[in-house]
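# Coordinate analysis (summary)
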Amino acid sequence: LQIVNICKLGNSASATVIQWHIIAMFAPSFFTGSIISFFGSRKVMLIGVLLYSFSIFFGLLGQSIQHFWVALFLCGLGWNFLYVGGSDIIAKSALPEERAKVQGVTDFIIFVFVALGSYLAGILHSNMGWETLLVYAIIPIIILFLSIMLIKPKEFKLDAVSLVLEQEYTKAEASRSLGINPNLIARWIQEHQADYSGQAFRGNGKSSRQSWKKLGP
């Protein structure tokens, strides 16, 4: 809308920008998994949030075709890192027999919000304008950042412990996979093994790994 109707850059410019936006959303999936294996899911998701922030910056910086191209390309790349990184965490959080169902429910929720966002985008753009809409987009980005940095529920801790005790990851491999400090995983393992009944990490719910109750020190 902004490219064609407001800036009058034409349909060809709009098609080029959207084309590269779609490429940035899906083409990196060929190597995003390798990046996650090296840096860990959380770090890759944080990079995705950073790319979103740069996308907003370039969107506010100007309204030439170059600005739109960079902004939408970075937006697509950020989406890829967040989506693949989040999917990796979900896959490792669920038990093997639950993964297909959990991923299906997650994808359904995601694309419901994608459809809702597509429906609201034109309305919000018409009523708020391009710059204001970009500024308000900072709010969900801050929420994403805080969620990745601060929220470490019991299930996340148990998943980290599970990688080492059940899936035979080393602490270093598990820390890279989840994007956390290996010393933190070591502490969580000690806390978990200190209580065989699954009541470690008190105050955050019950363990979903019933088999862990039989684990020894």
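Residues numbered from 1 in each chain as written. Predicted model: local features only at pLDDT ≥ 70, side-chain atom pairs only at ≥ 80, totals over all residues. Heavy atoms only, no water.

## Let's talk about the overall build of the protein chain
A tally of helices and strands in the protein chain yields 11 helices and zero strands. Relative to its full complement of 217 residues, the protein chain shows a buried share of 36%. Of the roughly 12,300 Å² of accessible surface on the protein chain, a fraction of 68% belongs to carbon and sulfur atoms. (Helix = DSSP H or I, 4+ residues; strand = E, 2+ residues; numbered from the N terminus. Buried < 20%, exposed > 50% of the residue type's maximum accessible area, 1.4 Å probe, protein only. Areas by Shrake-Rupley, 256 points an atom, 1.4 Å probe, with all protein chains shown as cover.)

## Points about the nonpolar core
Grouped together as the largest cluster of nonpolar side chains are 16 residues, with contacts concentrated most on Met45, Val49, Tyr52, Leu82, Ile141 and Ile148. Every element with two or more residues in this core is listed here: helix 2 (11-26), helix 4 (41-61), helix 5 (65-93), helix 7 (130-136) and helix 8 (138-150). Membership of the second largest hydrophobic core comes to 11 residues, among which are Phe156, Ala160, Ala174 and Ile185. (Core = buried A, V, L, I, M, F, W, Y, C linked by side-chain atoms within 4.5 Å.)

## Considering the packing of helix 3 (residues 29-39) against helix 4
At their nearest, the axes of helix 3 and helix 4 sit 7 Å apart, and the two run at 120 degrees to each other. Between helix 3 and helix 4, the angle is such that the two are oblique. When helix 3 is examined against helix 4, the residues Thr32, Ile35, Ile36 and Phe39 are found in contact with a partner set consisting of Ser41, Lys43 and Val44. Across the contact of helix 3 with helix 4, the residue classes break down as four nonpolar, two polar and one charged. (Axes fitted to C-alpha atoms, helices over the stretch in contact; angles between N-to-C directions. Parallel < 35°, antiparallel > 145°, perpendicular 65-115°, else oblique. Contact = heavy atoms within 4.5 Å. Nonpolar A, V, L, I, M, F, W, Y, C, P; charged D, E, K, R; others polar.)

## Details of helix 10 (residues 171-178)
Those residues of helix 10 lying buried are Ala174, Ser175, Ser177 and Leu178. Along helix 10, the residues classed as buried sweep out an arc of 160 degrees about the axis, all on the same side. (Arc of directions from axis to C-beta.)

## With respect to the packing of aromatic side chains
What the rule picks out here adds up to nine aromatic pairs. Between Trp20 and Trp69 the ring centres are 6.0 Å apart and the planes differ by 65 degrees, which places this aromatic pair in the edge-to-face class. Here the residue Trp20 occupies a position in helix 2, and Trp69 occupies one in helix 5, the gap between them amounting to 49 residues. Assessed through its relative accessible area of 34%, Trp20 is described here as partly exposed. Consider the rings of Trp79 and Tyr83, whose centres lie 4.9 Å apart with planes at 5 degrees: the pair is stacked. With Trp79 and Tyr83 both in helix 5, this residue pair falls four residues apart, about one helical turn. Owing to a relative accessible area of 16%, Trp79 belongs among the buried residues under this scheme. Joined through ring pairs, the aromatic side chains of Phe26, Trp79, Tyr83 and Phe111 make up one cluster. (Phe/Tyr/Trp six-rings, centres within 6.5 Å; stacked < 30°, edge-to-face > 60°.)

## What to know about the side chain of Arg42
Positionally, Arg42 belongs in helix 4. You can call Arg42 buried: its relative accessible area is 8%.

## A word on a nonpolar patch on the surface
On the surface, a cluster of nonpolar side chains totalling about 960 Å² of accessible area is made up of Val105, Phe108, Ile109, Val112, Phe113, Leu116, Tyr119, Leu120, Ile123 and Leu124. Among the secondary structure elements, Val112 is positioned in helix 6 (residues 99-128). Note on Val112: relative accessible area 38%, which makes it partly exposed. (Patch = residues over 30% accessible without salt bridge, like charges linked within 9 Å, V, L, I, M, F, W, Y side chains within 5 Å. Salt bridge = Lys/Arg side-chain N within 4 Å of Asp/Glu carboxyl O.)

## Details of the confidence of the model for the protein chain
When pLDDT is averaged along the protein chain, the result is 80; 80% of the residues meet or exceed 70. Element-level pLDDT for the protein chain is lowest in helix 1 (residues 2-6), with a mean of 60, against a maximum mean of 92 in helix 4. Overall, residues 200-217 carries pLDDT values under 50, and its contacts beyond four positions in sequence, including any with other chains, amount to 43 contacts. (pLDDT = per-residue confidence, 0-100.)

## Brief notes about helix 2
The periodicity of an α-helix, 3.6 residues per turn, causes residues three or four positions apart to be oriented the same way. Between the first and last C-alpha of helix 2 there are 23 Å, a value that for 16 residues agrees with the 22 Å anticipated at 1.5 Å per step. Among the residues of helix 2, those classed as buried are Ala13, Ser14, Val17, His21, Ala24 and Met25. Burial along helix 2 is one-sided: seen end-on, the buried residues are contained in an arc of 110 degrees. For helix 2, the exposed residues lying more than 90 degrees away from the buried face are Asn11 and Ser12. (Expected span 1.5 Å × (residues − 1).)

## Structural notes on the packing of helix 10 against helix 11 (residues 182-193)
It is the contact of helix 10 with helix 11, at a shortest axis distance of 8 Å, that shows an interaxial angle of 110 degrees. Between helix 10 and helix 11, the angle falls in the class roughly perpendicular. Handedness of the crossing formed by helix 10 with helix 11: right-handed. Contact with helix 10, carried on its side by Lys171, Ala174 and Ser175, involves Pro182, Ile185, Ala186 and Ile189 of helix 11 and no other residues of that element. Looking at the contact of helix 10 with helix 11 residue by residue, the classes come out as five nonpolar, one polar and one charged. (Left-handed = near helix turned anticlockwise from the far one by under 90°.)

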